[in-house]
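# An overview of the molecular structure
The chain contents come next:
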Amino acid sequence: MVTKRRNLNEAINRGMEGRSIGAPSDKQAPETLSKKSANAAPKTQRKAKGYKSNIVSIRFDSGDYERLKEIAQEQGTNGAALIRKAVKDIIKAAEKP
């Protein structure tokens with residue numbers, strides 16, 4: 001037997017009966033908040049690693065890039081990490097007298 005679909009708003013209203021979304025809960029009313037918690041600053045995200053702030057594009061020959069990926073996989077890492085390590089090694093070598 002085919003039944004007529006009920007109005008979506010009616011179904012939502014029936015499902016939401018008894019819920020008080022947006023209303024203060026019984027556990028902690030807004031007037032019971034302490035001054036310290038009321039004035040607390042929201043948590044800020046901590047800063048990502050320094051290398052994430054500078055994005056650099058590098059172009060490779062396709063053969064070189066494939067070989068780089070193979071070497072990285074053998075070492076249990078990825079190509080980007082391998083390049084970052086190589087750059088750090090170059091910088092360290094240049095700093096030594």
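Scanning the chain for helices and strands turns up four helices and zero strands. In the chain, the succession of α and β elements from N to C terminus is α-α-α-α. Counting over 97 residues, the chain shows a buried share of 5%. Carbon and sulfur atoms make up 52% of the accessible area of the chain, which totals about 10,100 Å².

A word on helix α3 (residues 62-74). Between its terminal C-alpha atoms α3 stretches 19 Å, which fits the 18 Å expected from 13 residues at 1.5 Å a residue. Phi turns positive one or two residues past the end of α3, at G76, with a value near 75°.

Let us now look at the packing of α3 against helix α4 (residues 79-95). Contact pair α3 / α4: the axes reach a minimum separation of 8 Å and the direction vectors enclose 90°. Considered as vectors, α3 and α4 are oriented roughly perpendicular to each other. On α4, the residues that touch L68, I71 and A72 of α3 are G79, L82 and I83.

Here the chain averages 76 in pLDDT, while 59% of its residues score no lower than 70. Model confidence for the chain, summarised as mean pLDDT per element, is weakest for helix α2 (residues 35-38) at 57 and strongest for α3 at 93.

Taken together, the side chains of R84, K88, K92 and K96 present a region of like positive charge at the surface. By secondary structure assignment, the location of K88 is in helix α4.

All right, on to the environment of A72 then. As for its placement among the helices and strands, A72 is situated in helix α3. Taking C-alpha positions, A72 is 6.3 Å from L82, a pair spaced 10 residues apart along the chain. Not counting chain neighbours up to four residues away, the residues in contact with A72 comprise T77, N78, G79 and L82.

Before going further, it helps to examine a nonpolar patch on the surface. Taken together, the side chains of V56, I58, F60 and Y65 present a nonpolar region at the surface, about 400 Å² in accessible area. Looking at where F60 falls in the secondary structure, it is placed in the loop between α2 and α3.

Thresholds applied
- Residues numbered from 1 in each chain as written.
- Predicted model: local features only at pLDDT ≥ 70, side-chain atom pairs only at ≥ 80, totals over all residues.
- Heavy atoms only, no water.
- Helix = DSSP H or I, 4+ residues; strand = E, 2+ residues; numbered from the N terminus.
- Buried < 20%, exposed > 50% of the residue type's maximum accessible area, 1.4 Å probe, protein only.
- Areas by Shrake-Rupley, 256 points an atom, 1.4 Å probe, with all protein chains shown as cover.
- Expected span 1.5 Å × (residues − 1).
- Axes fitted to C-alpha atoms, helices over the stretch in contact; angles between N-to-C directions.
- Parallel < 35°, antiparallel > 145°, perpendicular 65-115°, else oblique.
- Contact = heavy atoms within 4.5 Å.
- pLDDT = per-residue confidence, 0-100.
- Patch = residues over 30% accessible without salt bridge, like charges linked within 9 Å, V, L, I, M, F, W, Y side chains within 5 Å.
- Salt bridge = Lys/Arg side-chain N within 4 Å of Asp/Glu carboxyl O.
- Lys, Arg positive; Asp, Glu negative; His and termini not counted.
- Charge placed at Lys NZ, Arg CZ, Asp CG, Glu CD.

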